Every structure is written in structure tokens, then in C-alpha cells.
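Listed here are the chains, written in short residue letters.
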Amino acid sequence: MFLNLVMLAGIAGAAVPLVLHLLARARYRSIDWGAMMFLAGTDQRQRQSTRLKQWILLALRMAAVALLAIAMARPVITGMLRTLTVGGHVDAAIVVDCSASMAVEENGRPRIDHARRAAVAVISQLQRGDRVSLIPAGTGTLPSSLSSDLQNVAQSAASLAPTDGKCDITLALAEAMNVLEAGDSINREIYLITDRQSVNWSGMDESYAAAMARRMASSARPPR
């Protein structure tokens, strides 16, 4: 799964080094002259070695461009592959910004509509045995506990609506941590879906960030 599928188009740029290499070769034309007959075969092995190095270097350049495009597409491990990789079930907390700014329309659709679709997409990637908690920031409702009923949580996400006020993202993230720490999984994920209005981040400062970093590092340890 990729978070930015558009950037995958950059993989086509891997062909650029090959095109440049072919164009560079086309600029030169080999002309044999009489004395060359005495040199035939003397440096055949050296030419083959040089040609091999050139093709290896070309392949590395093409791979570098392709890997850069894939990295910018932001791949994430989901589904069965994620289960095999990290082991065990996943506990996920989805924080959705439900402040008044989410009612603003973009491309003919309110931002909350995009947020609902994003939340449902996250839930759809979870597998049987995973648990999820939906935290609507700014609604004043307490976050729900982790639930393995993914379909029911997805329905709740699809019915989210914006409020008339603002939300506190820092408080919502702290609530998400509380929910995850109450679970027993070492595979914990937090998803934040927001339009990044600065008024909702007023409580975010260096001390808060440092405290959250320490808390996340501590919660990443296997429970005893």
C-alpha cells in the first residue's frame, strides 16, 4: 500500500539514465584505419570489463531513481505481509479532526468527507484479530475502547460530522495513547486525519513533543 500513489509515476524516470547513455553513445562513430589490424584482440578483455562496469553503473543509476520514486510514494506494510513481518495483532487508534474547519468544501466536497473516506480506508486495511478505536477530536465525546468489530467502527467513521468549534489535537493524541496503552499488543499504530489548522495545535510545543516521544518509546516495549 502506498500513501501517495501519484509519486509512483516517477518510476518512469528510471529510463532517463538509459536514454542519456544511448544518446551519449550515438555521438561517437568508430572508424577503423589500417594500423588497427595490429592491435586487434590485444585489449578485448579490457573492453569487455569496461563495458560490464558501464552497464552495472547504469543499472545502479536506474535503480536509484526508481527507489526514490517508491520512497516518495510512502509505502506502508499492511495486511497479511504486515502480520508476517511484525507478528501478532495490531491495535490502532484513528484520530479524526471534527472541528468546524472540516466543513469547508474542497473540490466541491467538505473536508470531513475526505476524512471519513481516509478513516474507512485505514480500517479496511486491518485484518481479523486487529482492534481499532475511533477518536473524533472536538466532539467532546470520550474515545471508545479498542474494538475488534471493524465493520461497526467503519460505519461510525462514515457517519462523522464536523462541530461548530475547534478541537485540541494534543489532547486527542494523548487520549489515543491512553487507549493503546490499555491494550495488550506491542504493535500499536496512531493515525491522525486533520486539515492542519494551526488553531487546533495550540498545545503542541517542545515539552509536549518530548513527553509524547518518551511515552511512545516506553509503550513500544513488550508488556510484562
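Residues numbered from 1 in each chain as written. Predicted model: local features only at pLDDT ≥ 70, side-chain atom pairs only at ≥ 80, totals over all residues. Heavy atoms only, no water.

Caption draft 1: Local environment of the sheet that holds strand E5 (residues 187-193). Read across the sheet, three strands follow the order E4-E1-E5 without closing on themselves; strand pairing throughout is parallel. The two strands at the open ends of the sheet, each matched to only one other strand, are strand E4 (131-137) and E5. Adjacent strand axes in the sheet meet at a mean angle of 15°, parallel and antiparallel pairs treated alike. In terms of strand pairing, strand E1 (residues 90-97) meets E4 through seven bridges, oriented parallel. For Ile 94, the partnering residue across the bridge sits in E4 and is Leu 134. Sitting on the sheet, helix H4 (residues 111-124) touches E1, E4 and E5, and the angle it makes with E1 is about 180°. Most of the contacts of helix H6 (residues 169-181) go to E5, to which it runs at about 155°, and overall it touches E1, E4 and E5. (Pairing = 2+ DSSP bridges. Helix = DSSP H or I, 4+ residues; strand = E, 2+ residues; numbered from the N terminus. Axes fitted to C-alpha atoms, helices over the stretch in contact; angles between N-to-C directions. Contact = heavy atoms within 4.5 Å.)

Caption draft 2: Highlighting the environment of Arg 128. Tracing the backbone through its elements, the reader meets Arg 128 in the loop between H4 and E4. Classification of Arg 128 by relative accessible area gives exposed; the value is 88%. It is 8.3 Å that separates the C-alpha atoms of Arg 128 and His 89, two residues lying 39 residues apart in sequence. (Buried < 20%, exposed > 50% of the residue type's maximum accessible area, 1.4 Å probe, protein only.)

Caption draft 3: Quick peek at the pattern of salt bridges. One pass over the full model with this rule turns up six salt bridges. As a salt-bridge pair, Asp 195 and Arg 111 come within 2.9 Å of each other at their nearest N and O atoms. Residue Asp 195 is found in the loop between E5 and helix H7 (206-219), and its partner Arg 111 is found in helix H4; the two are separated by 84 residues along the sequence. For Arg 111, a relative accessible area of 17% translates into the label buried. Within this structure, Asp 91, Arg 131 and Asp 184 form a network of salt bridges that share partners. (Salt bridge = Lys/Arg side-chain N within 4 Å of Asp/Glu carboxyl O.)

Note that every value here comes from positions in space, so none of it alone points to a role or purpose.
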